[in-house]
Amino acid sequence: MRSIDLHTHSYYSDGTLRPSEVARRAAAQGVELYALTDHDTLAGFEEARAEAEKHKMPILAGLEINTSESDLVHILGYGVDPSSRELLKTLEDFRSRRAKRLEMILERLRKSGVPIEKEDVDGVSRHSLGRPHVADALVKRGVVQNRQEAFQRYLVRGKPGYVEPMGPGPEEAIRVIAEAGGLPSLAHPGIIGNGLDVGRYAGLGLRGLEVYYPSHSGPTTQRLLGSAKKFSLLATGGSDHHGPASGREDIGGIQVPDEVFDRIREAL
Ligand code: AMP
Ligand code: ZN
Ligand code: FE
Ligand code: FE
């Protein structure tokens with residue numbers, strides 16, 4: 001088995017650590033292939049790359065794009081050109097949609113009597129905003145204990161602060177990554193639930209499937225491996241680490257069979 005981590009977040013989006021620290025921890029855990037995949041930004045890549053180089057840990061330029069299809073349909077991109085003007089411009093647009101959504105969330109929370117202001121979320125992210133930052137603000141205000149509780153009580157569908165995701169559709173997310181020279185992979189397919197139609201995304205140009213993911217059970221992993229094979233998708237994997245106090249602290253890489261590791265290395 002080999003250790004990879006192709007799904008991690010830093011404070012440039014909703015992680016809590018700086019990119020160099022995330023990369024350092026991955027290297028310390030023996031990760032042999034790494035990607036920082038912040039939401040809608042490549043701002044942390046250079047810092048992570050410099051750290052990865054110190055540890056001779058191969059790193060891919062990565063990102064994660066949350067789509068408007070549902071709160072769980074996210075597209076990871078690997079090996080994009082981090083200097084692509086087209087890509088950087090598109091991501092800027094996606095981030096401004098995130099900022100707009102966040103304002104709508106705050107508005108809703110205030111209307112339902114939760115004391116929260118724009119200043120509470122200013123500066124919590126270096127670049128790309130999201131619901132976790134609202135959650136952090138609610139923790140700071142003493143409304144909830146942690147991110148998990150904030151999501152459950154206020155930020156998921158049906159709760160007072162919920163606003164539908166405003167990202168691109170899956171087709172656009174896949175295209176944007178491919179046009180920047182990257183490989184689009186469907187994130188955490190095992191938690192998307194009923195109705196997941198991998199074939200449809202494959203038809204839109206998807207090239208990978210995140211088969212290996214901490215919350216995927218053994219049978220789920222096997223089923224997803226079957227889907228990857230059926231639709232000629234590369235099996236990828238990652239921890240979805242978001243740093244301390246995020247509720248998503250797993251890091252240390254995901255163990256994948258040698259043959260899966262070799263395929264990823266060849267493709268990327
Ligand atoms: P957003 O991009 O604003 O829709 O927020 C989605 C992000 O919130 C995901 O990518 C996760 O990083 C995080 N997230 C989703 N559900 C939870 C949860 N229950 N607890 C902590 N973080 C969560
Ligand atoms: Zn996240
Ligand atoms: Fe995700
Ligand atoms: Fe993620």
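Use the structure listed above.
Remember, it's a predicted structure, so these values are computed and weren't measured experimentally.

Asks: Any chance you could break down the packing of aromatic side chains for me, citing the residues and the numbers?
Replies: Counted by the stated rule, this structure contains one aromatic pair. Judged by centre distance (5.5 Å) and plane angle (70 degrees), the rings of Tyr 11 and Tyr 12 are edge-to-face. By relative accessible area, Tyr 11 is classed as buried at 15%. What makes Tyr 12 buried here is its relative accessible area of 19%. The lysine or arginine in question, Arg 2, covers the ring of Phe 261, its NZ or CZ lying 4.1 Å from the ring centre.

Asks: Tell me about the coordination of the iron ion (ligand 4), residues and numbers included.
Replies: Ideal values differ by geometry: the angle at a metal is 109.5 degrees with four tetrahedral donors, but 90 or 180 degrees with six octahedral donors. The coordination sphere of the iron ion (ligand 4), as far as protein atoms go, consists of His 7 (NE2), His 9 (NE2), Glu 64 (OE) and Asp 240 (OD), spread over 2.1 to 2.3 Å. Around the iron ion (ligand 4) sit four donor atoms; with metal-centred angles ranging over 77 to 164 degrees, the donor geometry is irregular. Taken in chain order, the donor set of the iron ion (ligand 4) reads H-x1-H-x54-E-x175-D. A separation of 4.3 Å is found between the iron ion (ligand 4) and the zinc ion (ligand 2). Of this pair, His 7 sits in the loop between β1 (2-5) and α1 (19-28) while Asp 240 sits in the loop between β7 (234-237) and β8 (254-256), placing them 233 residues apart in sequence. Judged on exposure class, the residue His 7 and its partner Asp 240 are both buried.

Asks: Can you explain the site of ligand 1? Please cite residues and give values.
Replies: Looking at ligand 1, there are 14 residues lining it, with Asp 14, Asn 66, Arg 101, Arg 131 and His 242 nearest. Arg 101 has a polar side-chain atom sitting 2.7 Å from an oxygen atom of ligand 1. Separating an oxygen atom of ligand 1 from a side-chain N or O atom of His 242 is a distance of 2.8 Å. Notes on ligand 1: free accessible area 500 Å², of which the protein chains cover 88%. Contributions of two or more residues to the shell around ligand 1 are made by α3 (85-111), α5 (131-140) and α6 (147-155).

Asks: Describe the coordination of the iron ion (ligand 3), with residues and values.
Replies: In this structure, Glu 64 (OE), His 74 (ND1) and His 188 (NE2) serve as the protein donors to the iron ion (ligand 3), at separations of 2.1 to 2.3 Å. If you list the donors of the iron ion (ligand 3) from N- to C-terminus, the spacing comes out as E-x9-H-x113-H. A residue is classified by how much of its surface remains accessible, and His 74, at 9% relative accessible area, is buried.

Asks: Can you tell me about the side chain of Arg 131, naming the residues and giving the values?
Replies: Looking at the secondary structure, you find Arg 131 in helix α5. Here Leu 155 takes part through its backbone oxygen, which lies 2.9 Å from a polar atom of the side chain of Arg 131. For Arg 131, the residues in contact, after removing those within four places along its chain, are Asp 71, Arg 101, Ile 105, Phe 151, Leu 155, Val 156 and Tyr 162.

Asks: I'd like a description of the sheet that holds strand β3 (residues 59-66), backed by residues and values.
Replies: Taken together, eight strands build an open sheet; the order of strands is β7-β6-β5-β4-β3-β2-β1-β8 and the sheet is mixed. Of all strands in the sheet, those bounded by a partner on one side alone are β7 and β8. Sheet twist, expressed as the average angle between the axes of neighbouring strands with direction ignored, equals 35 degrees. Pairing between β1 and β8: three bridges, direction antiparallel. Within the sheet, the bridge partner assigned to Ser 3 lies in β8 and is Gln 255.

Asks: Pulling in residues and values, what's your account of the nonpolar core?
Replies: Counting 55 residues, the largest nonpolar core has Leu 6, Tyr 34, Met 57, Val 80, Leu 186 and Leu 209 as the members making the most contacts within it. Contacts of Val 80, omitting those with residues within four sequence positions, involve Leu 42, Ala 61, Leu 63, Leu 87, Ile 177, Ala 180, Gly 181 and Gly 182. Within the second largest apolar cluster, 18 residues are counted, among which are Val 121, Val 144, Tyr 154 and Leu 155.

Rules behind the numbers
Residues numbered from 1 in each chain as written. Chains lettered and ligands numbered in written order. Predicted model: local features only at pLDDT ≥ 70, side-chain atom pairs only at ≥ 80, totals over all residues. Heavy atoms only, no water. Phe/Tyr/Trp six-rings, centres within 6.5 Å; stacked < 30°, edge-to-face > 60°. Buried < 20%, exposed > 50% of the residue type's maximum accessible area, 1.4 Å probe, protein only. Lys NZ or Arg CZ within 6 Å of the ring centre and 35° of its normal. Donors = N, O, S within 2.8 Å, 3.2 Å for Na, K, Ca; no water. Tetrahedral: all angles 85-135°; square planar, octahedral: opposite > 155°, others 65-115°. Helix = DSSP H or I, 4+ residues; strand = E, 2+ residues; numbered from the N terminus. Near = heavy atom within 4 Å. Polar contact = N/O pair within 3.5 Å; in protein donor to acceptor, adjacent residues only side chain to side chain. Areas by Shrake-Rupley, 256 points an atom, 1.4 Å probe, with all protein chains shown as cover. Contact = heavy atoms within 4.5 Å. Pairing = 2+ DSSP bridges. Axes fitted to C-alpha atoms, helices over the stretch in contact; angles between N-to-C directions. Core = buried A, V, L, I, M, F, W, Y, C linked by side-chain atoms within 4.5 Å.

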